[in-house]
Amino acid sequence: MVSSNWPVFVLFTYTTSAVEIVFTNQPARFPTPNPTVVIRRTIGLKKDEYTLDKKSVSKADIMSLLESAGFSRTNPYYIVPQGRVSIQSCVLMSFPDGK
């Protein structure tokens, strides 16, 4: 029996995580007739899964799609890799002139 004076700890174990980005396709920057483009990455224990508008695609397909819309791998201002966001970055995005 657990005394009511002791805290109860609950451990949750997650096996997957996901991130989803929804782009408005106005003007038609992405090569699709859809008004929105939904990209989702699901990170699992053994492999990652990418979907484009709820259809399974490869990472190369996603990168190609983003590059066709004008996003560049070499331009660091478009997509920030996971773990690279800092308070300074957030402040600079809030105040583009640095003030």
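In what follows, the structure referred to is the one given above.
Re the sheet that holds strand β1 (residues 17–24)
Thinking step 1. The sheet built from 4 strands is open, its strands ordered β1-β2-β3-β4 with antiparallel pairing. Because the sheet does not close on itself, it has two edges, and the strands there are β1 and β4 (55–57). Across the sheet, the mean angle separating the axes of adjacent strands is 25 degrees when strand polarity is ignored.
Thinking step 2. In the sheet, β1 pairs with strand β2 (residues 36–43) via 8 bridges, with the strands oriented antiparallel. Paired with Thr24 across the two strands is Thr36, which belongs to β2.
Thinking step 3. Across the sheet, helix α1 (residues 59–68) lies against β1, β2, β3 (48–52) and β4, angled at about 45 degrees from β3, the strand it touches most.

Remarks on the packing of aromatic side chains
Thinking step 1. Within this structure, the stated rule accounts for 2 aromatic pairs.
Thinking step 2. Centre to centre, the rings of Phe23 and Phe30 are 5.2 Å apart; their planes meet at 45 degrees, and the pair counts as tilted. Taken as a pair, Phe23 and Phe30 share a single burial class, namely buried.
Thinking step 3. Plain terms: the ring middles of Phe23 and Phe71 are 5.6 Å apart, the flat faces sit at 55 degrees to each other, and that makes the pair tilted. Linking Phe23 in strand β1 with Phe71 in the loop between α1 and α2 (87–94), this pair joins segments that are 48 residues apart in sequence.

What about α1?
Thinking step 1. Where α1 is concerned, the buried positions are Ile62, Leu65 and Leu66. Within α1, the buried residues cover an arc of 95 degrees as seen down the axis, which keeps them to one side.
Thinking step 2. Where α1 is buried, its residues touch β1, β2, β3 and β4.
Thinking step 3. Gly70 lies just past α1 and shows a positive phi near 105 degrees.

Section: the environment of Gly44
Thinking step 1. Tracing the chain through its elements places Gly44 in the loop between β2 and β3.
Thinking step 2. Classification of Gly44 as partly exposed rests on a relative accessible area of 23%.
Thinking step 3. Residues Gly44 and Thr16, 28 residues apart in the sequence, show an inter-C-alpha distance of 4.5 Å.
Thinking step 4. With near-sequence residues (within four places) excluded, Gly44 lies in contact with Thr15 and Thr16.

Basis of the calculations
- Every chain's residues receive numbers from 1 upward, in the order its sequence appears when written.
- Given that the model is predicted, a residue must reach a pLDDT of at least 70 before its local features are reported, and side-chain atom pairs must reach 80 or more before they are shown or counted; all residues, however, enter totals for whole chains, interfaces and linings.
- Excluding hydrogens and water, the side-chain figures rest on all heavy atoms present in the structure.
- The criterion for strand pairing is that DSSP finds at least two bridges linking the strands in question.
- Here a helix means four or more residues in a row that DSSP labels H or I, a strand means two or more in a row labelled E, and each is numbered from the N terminus.
- Interaxial angle, 0 to 180 degrees, is taken between N-to-C directions of lines fitted to C-alpha atoms, where a helix line uses only the stretch in contact.
- Contact between two residues is taken to exist if any of their heavy atoms lie within 4.5 Å; hydrogens are not considered.
- Pairing of aromatic side chains here covers Phe, Tyr and the six-membered ring of Trp, requires ring centres within 6.5 Å, and sorts the geometry by plane angle: under 30 degrees stacked, over 60 edge-to-face, intermediate tilted.
- Accessibility here uses a 1.4 Å probe with only protein chains present; expressed as a share of the type maximum, an area under 20% marks a residue as buried, one over 50% as exposed, and anything in between as partly exposed.
- By construction, the arc corresponds to the directions joining the helix axis to the C-beta atoms.

By themselves, these figures tell us nothing about what the structure is for.
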